Amino acid sequence: MRGNYDTFNKLSTITTAALANGNLDCEASKIAVGHFAMRTGKWHWNITSTGGTTTVGMVNADGTATSTRGVTTGVTEGFRFDADAGTFDYTTDGAAWTSIATGLTTVPYFTYVSTAASTVASLNAGQRAFAWTGPSGYKALCTQNLPT
């Protein structure tokens, strides 16, 4: 797929990380937010944590982190957000989805990670193959998938 995929936003006032790997990796004891504003539609992405626990969630436009979840070392988890319904879920196997939050209506939302010491969190918004097939009806965080 062509287009621009979500990466961590080095220019965000919330981001404290020295980003690496094309702004896909947030390094030790830092915070990073994505640049892709999820206003409407259904979106999905993966986060992989190496070295320690990573807190994953979303932030709204005023920078308030919400709906967070810890991802443990060596695990890739999938996340999906339905901006129209206000639901945010995760999976560790691509099949069983567990709710993180409902009623998320203060759009737009952005991807968010906070890493522990000696930890790297890697974002995959569709730039490379996902750990498993994405959920039906959900799209990768890519400009090609934005409504016209």
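Owing to the predicted nature of the structure, the values given are computational and were not obtained by experimental measurement.

A. Local environment of the pattern of salt bridges. Scanning the entire structure with this criterion turns up 2 salt bridges. E77 serves as the salt-bridge partner of R69, at 2.8 Å between the closest nitrogen and oxygen. For E77, a relative accessible area of 3% gives the class buried.

B. Quick peek at the side chain of R80. Turning to its location among the elements, R80 is positioned in strand β6 (residues 76-82). Residue R80 is classed as buried on the basis of its relative accessible area of 18%. Only 2.9 Å separates the side chain of R80 from the side chain of D89, close enough to count as a polar contact. For R80, the contacting residues outside a window of four places in its chain are W43, H44, T87, F88, D89, W97, P135 and Y138.

C. Here's a closer look at the side chain of N145. Along the chain, N145 falls in the segment after β11 (139-140). Within the structure, N145 has its side chain in polar contact with the backbone oxygen of A140 (distance 2.9 Å).

D. How the structure looks around the sheet that holds strand β5 (residues 65-71). Strands sit in the order β2-β9-β4-β5 across an open sheet of 4 strands; the sheet is antiparallel. Each edge of the open sheet carries a strand with a single partner, namely β2 (31-33) and β5. Strand-to-strand twist across the sheet, computed as the mean angle between neighbouring axes with direction ignored, equals 20°.

Thresholds, definitions, all that
- Residues numbered from 1 in each chain as written.
- Predicted model: local features only at pLDDT ≥ 70, side-chain atom pairs only at ≥ 80, totals over all residues.
- Heavy atoms only, no water.
- Salt bridge = Lys/Arg side-chain N within 4 Å of Asp/Glu carboxyl O.
- Buried < 20%, exposed > 50% of the residue type's maximum accessible area, 1.4 Å probe, protein only.
- Helix = DSSP H or I, 4+ residues; strand = E, 2+ residues; numbered from the N terminus.
- Polar contact = N/O pair within 3.5 Å; in protein donor to acceptor, adjacent residues only side chain to side chain.
- Contact = heavy atoms within 4.5 Å.
- Pairing = 2+ DSSP bridges.
- Axes fitted to C-alpha atoms, helices over the stretch in contact; angles between N-to-C directions.

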